[in-house]
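Below are the chains, spelled out letter by letter.
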Amino acid sequence: MSTTPEDRSGLSTETIAELHKQAVAVAGQAYAPYSNFRVGAALLLATGEIVIGCNVENASYRLTTCAEQSAIATAVSQYGPTIKLRAVAVANLNGTASQPCGACRQTILEFSTPETWIFYPAEDGTIAVTSMSEMLPAGFHLAH
Ligand SMILES: [Zn+2]
């Protein structure tokens, strides 16, 4: 018996599909002239809003902003510093499996709860789901 993304996350098939659809759509906005790796992220906030972001590359390469970080900056800008993430869906237009990079895992952790779930394209072409604690088991926390 397998555990479905719906079972693990407690989110409906429709919600997961909507997040994926919005992540794919915003990936089309990506500024990725150097890598051509076009990524989109759709955040589901704990309050129900969906916020999207795409990757924005730079000629210096190291100044590139990932889709997840772009979306989180937008979410904080729109809804303030107390946002919490219920889910993060990432997608790309390159037809490849990809999970959030290490830097994004730490960025997502900052706004996560034990109920935050990450959806990403898996090796087999399906949408996989993981928890923050699985994706970043020893994340950095600073008391404040
Ligand atoms: Zn990243």
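Structure: see above.
All residue numbers refer to positions counted from 1 along the written sequence of the respective chain. Totals for whole chains, interfaces and linings use every residue, but because this is a predicted model, local features are given only for residues with pLDDT of at least 70 and side-chain atom pairs only at 80 or more, for both listing and counting. Note: side-chain values were computed over all heavy atoms of the structure, leaving out hydrogens and water.

**Brief notes about the overall build of the protein chain**
And step 1. Starting at the N terminus, helices and strands are each numbered in turn, a helix being any DSSP run of H or I of at least four residues and a strand any DSSP run of E of at least two. Within the protein chain, the regular secondary structure consists of five helices and five strands.
And step 2. Secondary structure of the protein chain in N-to-C order comes out as α-α-β-β-α-β-α-β-β-α.
And step 3. A compact globule built from 144 residues should have a C-alpha radius of gyration of about 15 Å, and the protein chain, at 14 Å, falls within 12% of that.
And step 4. Along the three orthogonal principal directions, the C-alpha set of the protein chain runs to about 45 × 40 × 30 Å. The size measure is the radius of gyration over C-alpha atoms, and the globule rule it meets is 2.2 Å times the number of residues to the 0.38 power.

**Overview of the side chain of Ser 70**
And step 1. Considering the arrangement of structural elements, one finds Ser 70 in helix α3 (residues 67-79).
And step 2. Burial status follows relative accessibility: with a 1.4 Å probe on protein chains alone, a residue under 20% of its type maximum counts as buried, one over 50% as exposed, and anything between as partly exposed. The exposure class of Ser 70 is buried, given its relative accessible area of 16%.
And step 3. Any pair of N or O atoms that falls within 3.5 Å is considered a polar contact. Within protein, one atom must be able to donate a hydrogen and the other to accept it, and sequence-neighbouring residues count only if both atoms are side-chain atoms. Among the polar contacts made by the side chain of Ser 70, one reaches the main-chain carbonyl oxygen of Cys 54 at a distance of 3.3 Å.
And step 4. The contact definition used throughout considers only heavy atoms, calling two residues in contact when any of these lie within 4.5 Å. Here Ser 70 is in contact with Gly 53, Cys 54 and Thr 65, once residues within four sequence places are set aside.

**Structural notes on the nonpolar core**
And step 1. Among the buried residues, those of types Ala, Val, Leu, Ile, Met, Phe, Trp, Tyr and Cys that are joined through side-chain atoms within 4.5 Å form a nonpolar core. With 23 residues, the main nonpolar core has Leu 43, Leu 45, Leu 85, Val 88, Ile 108 and Met 132 as its most contacted residues.
And step 2. Looking at this core, the elements that each hand over two or more residues are β1 (39-45), α3, β3 (85-92), α4 (102-110), β4 (117-121) and α5 (132-135).
And step 3. In contact with Ile 108, not counting residues within four places along its chain, are Glu 68, Ile 72, Leu 85, Val 88, Pro 100, Ile 118, Met 132 and Met 135.
And step 4. The next biggest cluster of nonpolar side chains, apart from the first, holds 12 residues, and it includes Leu 11, Ala 23, Ala 42 and Ala 87.

**Notes on the sheet that holds strand β5 (residues 127-131)**
And step 1. At least two DSSP bridges between two strands are needed for those strands to be called paired. Spatial ordering of the open sheet is given by β2-β1-β3-β4-β5, a layout of five strands whose pairing is mixed. Pairing within the sheet leaves two strands with one partner each, and these edge strands are β2 (50-54) and β5. Each adjacent strand pair in this sheet contributes to an overall mean axis angle of 20°, direction not counted.
And step 2. Taken together, the seven bridges between β1 and β3 define a ladder with antiparallel strand orientation. In this description, a line fitted to the C-alpha atoms serves as the axis of each element, helices being fitted only across the stretch in contact, and the angle between N-to-C directions of two axes falls anywhere from 0 to 180 degrees.

**What to know about α4**
And step 1. Here α4 has its buried residues at Cys 104, Arg 105, Ile 108 and Leu 109. For α4, the angular spread of the buried residues around the axis is 145°, confining them to a single face.
And step 2. Residues of α4 that are buried sit in contact with α3, β3, β4 and α5. Note that the arc is computed from the directions linking the helix axis to the C-beta atoms.

**Focus on the coordination of the zinc ion**
And step 1. Only nitrogen, oxygen and sulfur atoms count as donors, using a 2.8 Å cut-off from the metal that widens to 3.2 Å for Na, K and Ca. Water is left out, so coordination shells may look unfilled. Summarising the metal site, the zinc ion is bound by the protein donors Cys 66 (SG), Cys 101 (SG) and Cys 104 (SG), whose distances to it range over 2.2 to 2.3 Å.
And step 2. Every donor residue of the zinc ion comes from the same chain, spaced as C-x34-C-x2-C.
And step 3. Judged by relative accessible area, Cys 101 falls into the partly exposed class, the value being 33%.
And step 4. Residue Cys 104 is classed as buried on the basis of its relative accessible area, which comes to 0%.

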